[in-house]
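Each chain is listed here by its residues.
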Amino acid sequence: MAYVIKRICNSLLILFITISFVFIAGRLIGDPALNMLGSGASDLAINNLREAAGLNDPLFVQYVRYIGGILTGDFGVSYRYGYSVLPSENLSEIAQPVLDIVLERIPATFALAGAALSVAVPLGIFMGVTAAANPRSAADRIVTVLSLAGVSVVQFWLGLMLIVLFAVQLGWLPTGGYGGFSYVILPALTLAARPIGRIAQVTRSAVIQELSKPYIVTARAKGVPEFKVVYVHALKNASIPIVTMIGDELSALLTGAILVEKVFAWPGVGLLIIDSLSRSDLPLIQASIAVVAALVVTVNLLVDFSYRLLNPSIRLGHTGA
Amino acid sequence: MSSEPLIQIDRLNVEFPSKLGPVAAVKNVSFDIAPGEILCIVGESGSGKSVSSSAIMQLTKFSGGRVASGTIRFRSRNDGVIDLKNADEKTMRSIRGNEIGMIFQEPMSALNPNFTIGWQMAETLQIHRGQTRAQADARSLELLKLVRITEPEKRLTQYPFELSGGMLQRVVIAMALACEPDLLIADEPTTALDVTVQAEILGLIDTLRRETGAAVLFITHDMAVVAQMADRVVVMYQGEKVEEGPVRQILEAPQHAYTKVLLDAVPRLGEMRGKAAPEAMRVMGDDTDAKAESIHPSTKPILTVENLVKRFPIFGGFARKVVANVHAIEDISFTIHEKETLSLVGESGSGKSVTGRNILRLEQPTSGKVIFDGTDVLAQSPKDMRDLRRHMQMIFQDPYGSLNPQKRLLDQVAEPIHNFKLEKGSAIEDRVAGLFDRVRLPRDFMRRYPSELSGGQRQRVAIARALAVNPKFIVADEAVSALDVSVQAQVLNLMMELQADLGISYLFISHDMAVVERVSHRVAVMFMGRIVEIGTRQQIFENPQHNYTKTLLAAVPTLNPDIDIRDRTTLATKIPSPIHLAGYAPPKLVYQEVSEGHSVLINDLQ
């Protein structure tokens, strides 16, 4: 239990540092109000925005206010979201809380990441185990080639090819956008290619290593069917590197789906980050990065805790000898 | 005992593929086993003894092997006599773990680390008997009681890493017996275990054989184990059966030259009785090694160890404070004289290796004093320590791990010469060549890489490397434990010859009582980090005083087949924990001098 508390404290510290770093970086790249409005904006508009956003206060005061706000769930407001040209007055009327904007995008991001992983995990593990159980066979070679292809394929190209084939030529699926189940298939498949390849590679090498261990001979000598030898005895022991890889890939899906969201016009957090960057919408950038960082830190935390479930010697605090 | 054999192996050939075509691992081997009989297959590494047994179970195919020809006729319960060579996978699965049970060499790795003992035992019963988990657990409990394990109920819910090696081997045996097999294959079941645990396990297998009537195929490299266990013996050498016969005939009137070599190479406990100095071993076909003269140490001390203590801290809590200490060695004192061999003997965890490492300051001792040739070792600066190491070298247990696989042997042996700038230019190579002559390796080996050498040859290289700087003192940590007996004899003879010629002193660390008896001038017996008894070899082996020394000596298997192994199996002592809370100070050890130079610990661990 002490371990769990310690890890959670660590994670919160990492989150705090990330948030602080983004805050400082946002102020280092120039005047936020000028960046947001562009060089053509009038002095009045810039001054009004500074006033409304509290940018005239000393940096330290802004920082304390920002951190204090986050602690109470207030990440600040955006004046630019949904507006291409900013009015110079009555800014408070168009202000929108950035956290709401980000949270609105979360279900789309989760749906896409979840769909991609629910394809990638079983398929990647199945491919890896099949290859490991029959080393140097035709199946092993096919898996090796396919997983390498999955890892190295350029995502937006794969996405475009899938659109050309399934949406344009065959007309089975929509080309993009957000809606029912049919909308998620192509972006999820595009995103799944890399995790499938990497999970297959890691599973293959971990299971091969486990299959060479003496306890596998014991299992075979007990008369355990080969399927169970591989999928129960070996895979359970190979699970730690596999779960670590799945966690890595999930983090990547939550942060790095940007290109694929763009190709399929999928309204996830990735797309939001791009849009807010292009508008220099500092409060929105800060909030999206904070939320994504929180998700990544949570995934890592869960992966760490899963080790304790997967390995009894870690769970029971045994250090060997 | 029925005259009909349970299993008949006829002209078995097993091959493994290689780049140069198939390599025969087992060549035309035939033997059979009667019900209730113990057949021992004895041989050194590479003799094909393990491959033969895994061929019976059709397990060779998983490691790439192939049964090329021959028959394995097994009298199955349901199907009558079948040839296991041609049996399909389904038939094999019904035989494995059911009609034939198997026990393995390393109990520590033979069980799946991720499942409980109960789960793994139940698996066998669920597969072959279709039992529910509850039924299987009940049967597992019976089996654990059968193998006489302590607290059997608790074991079912434990994981393998929570049990000691001896307990795990009992679990593996219980698992193999789950379905009352007619044949039990035991592949080096005690090689990885301490000698007192070995005695218990051997006794257990023998008892179970009598109780269950199962036949046993027992594979070992150890002739003394053969003498204790076998009804009949098959001797294998390089894939072939060279001799077969009843145990007494093999031990007392061996016919084949290799059997004689194997028997001669085994140091026999007690054969040095009445002799004051170590003696070289008989090595067949290599009379040059066998120096008859014995080595007499001087009275000048080379190394004095006083009250050496090493504790490993255990950290805990948020602040990572020292909460407890592992008391690895406690109050160790002894002296080694010039040209003398002092052996540290004890079982795993007794602290003998820790002692060796702390003397050389490879680890920093917690307290104590080490005086080497008049110099206080622990007071040296790092630079002075480096110079001092020239005179103190070490040989390690694993000749596979202690040589760098990427470097030529010449460069590895030359490295200490470079480091201490002892020679320059071509003189270095000349010196290495001399060292290769010294350890009897051909000079053309200097250009080779470790992978091209056998284990014994590698250990010679390791010795040459230790000798490169002309040390006065060598710590040999289980230096021959990983070697086959015939090779072990040669390496031991080499070490004794070097001592005679160069006057080297050895701290010889070993778990093998018979080897220790052969090579030592004086012996210190270690238990729980303490020296429980120290004296000359004759004092320790001919007049042991401490209970633990007696236990250790009694547990060593001997070549005498008349000794009933089951008489020696009541030795199990509960070992106290070496972990104590921070601040704990153990009682000052008190030794009683039995006779001159022979001391025994009297106030602790009795």
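Quantities reported herein were computed from a predicted structural model and do not represent experimental measurements.

Right, let's talk about helix 8 (residues 195-212) of chain B for a bit. Residues and elements named next belong to chain B. Between its first and last C-alpha, helix 8 extends 25 Å over 18 residues, near the 26 Å set by a 1.5 Å rise per residue. Every buried residue of helix 8 is accounted for by Val 195, Thr 196, Val 197, Gln 198, Ala 199, Glu 200, Ile 201, Leu 202, Gly 203, Leu 204, Ile 205 and Leu 208. Contacts made by the buried residues of helix 8 are with helix 7 (165-176), strand 7 (183-187), strand 8 (215-220), helix 9 (223-229), helix 18 (513-519) and helix 20 (547-555). Gly 213 sits one or two positions beyond helix 8 and adopts a positive phi of about 75 degrees.

This next bit is on the domain arrangement of chain B. All names here are of chain B. One can read the domain layout of chain B as domain 1 (1-99 + 184-189 + 216-266) and domain 2 (300-391 + 471-601). Averaged C-alpha coordinates put domain 1 and domain 2 at centres separated by 38 Å. Mapped by element, the contributors of at least two residues to the side of domain 1 that touches domain 2 are helix 9, helix 10 (247-252) and helix 11 (257-265). With five residues, the top contributor of residues to the side of domain 1 that touches domain 2 is helix 9.

All names here are of chain B. Note that strand 11 (residues 301-316) and strand 12 (residues 321-337) share 12 bridges and pair antiparallel. Counted as the bridge partner of Leu 303 is Ile 336 from strand 12. Both strand 12 and strand 21 (residues 579-581) contribute to a ladder of three bridges, which runs antiparallel. Across the sheet, residue Ala 324 finds its bridge partner in strand 21, namely Leu 581.

Inspection of the secondary structure puts Glu123(B) in helix 4 (residues 117-129). Judged by C-beta crowding, with 24 C-beta atoms within 10 Å, Glu123(B) ranks as buried. Separated by 212 residues in sequence, Glu123(B) and Thr335(B) place their C-alpha atoms 55 Å apart. Not counting residues up to four positions away in its chain, the partners in contact with Glu123(B) are Lys222(A) and Val224(A).

Let's shift gears to the environment of Gln238(B). Residue and element names in this part refer to chain B. Mapped onto the elements, Gln 238 comes out in the loop between strand 9 (232-237) and strand 10 (240-246). Placed 141 residues apart in sequence, Gln 238 and Ala 379 show a C-alpha to C-alpha distance of 53 Å. Discounting chain neighbours no more than four positions away, the residues touching Gln 238 are Gly 46 and Ser 47.

So, on to the interface of chain B and chain A. Between chain B and chain A, the contact holds 24 residues from the first and 19 residues from the second. Looking at the side of chain B that touches chain A element by element, the count peaks at four residues for helix 4 of chain B. Along the lines of polarity and charge, the residues of the side of chain B that touches chain A split into 12 nonpolar, eight polar and four charged.

All names here are of chain A. As recorded in UniProt, the feature "transmembrane region" (unreviewed entry) lies at residues 12-30, 110-133, 145-172, 178-196, 250-273 and 285-303. Secondary structure content for residues 12-30 is 89% helix and 0% strand, and the end C-alpha separation is 29 Å. As annotated, residues 178-196 comprises 84% helix and 0% strand, and the C-alpha atoms at either end are separated by 24 Å.

What follows is about the pairing of strand 3 (residues 38-42) of chain B. Residue and element names in this part refer to chain B. With five of five residues buried, strand 3 is to be regarded as a mostly interior element. A two-sided burial pattern is seen for strand 3, the buried positions comprising Ile 38, Cys 40 and Val 42 on one face and Leu 39 and Ile 41 on the other. Both strand 3 and strand 8 contribute to a ladder of five bridges, which runs parallel. Pairing of Ile 41 across the sheet is with Ile 219, part of strand 8.

Bringing the packing of helix 14 (residues 269-278) of chain A against helix 15 (residues 282-310) of chain A into the picture now. Residues and elements named next belong to chain A. Packing of helix 14 against helix 15 brings their axes to within 9 Å, and their N-to-C directions diverge by 155 degrees. Considered as vectors, helix 14 and helix 15 are oriented roughly antiparallel to each other. Handedness of the helix 14/helix 15 crossing: left-handed. Packed against helix 14, whose contacting residues are Val 269, Leu 272, Ile 273, Ser 276 and Leu 277, the element helix 15 presents Leu 284, Ile 285, Ser 288, Val 291 and Val 292 at the interface. In terms of residue class, the contact of helix 14 with helix 15 is made up of eight nonpolar, two polar and no charged.

How each quantity is defined
- Residues numbered from 1 in each chain as written.
- Chains lettered and ligands numbered in written order.
- Predicted model: local features only at pLDDT ≥ 70, side-chain atom pairs only at ≥ 80, totals over all residues.
- Helix = DSSP H or I, 4+ residues; strand = E, 2+ residues; numbered from the N terminus.
- Expected span 1.5 Å × (residues − 1).
- Buried ≥ 20, exposed ≤ 12 C-beta atoms within 10 Å, placed from the backbone.
- Contact = placed C-beta atoms within 7 Å.
- Domains from an automatic or database assignment.
- Pairing = 2+ DSSP bridges.
- Nonpolar A, V, L, I, M, F, W, Y, C, P; charged D, E, K, R; others polar.
- UniProt positions renumbered as here; feature names shortened; annotations may be inferred.
- Axes fitted to C-alpha atoms, helices over the stretch in contact; angles between N-to-C directions.
- Parallel < 35°, antiparallel > 145°, perpendicular 65-115°, else oblique.
- Left-handed = near helix turned anticlockwise from the far one by under 90°.

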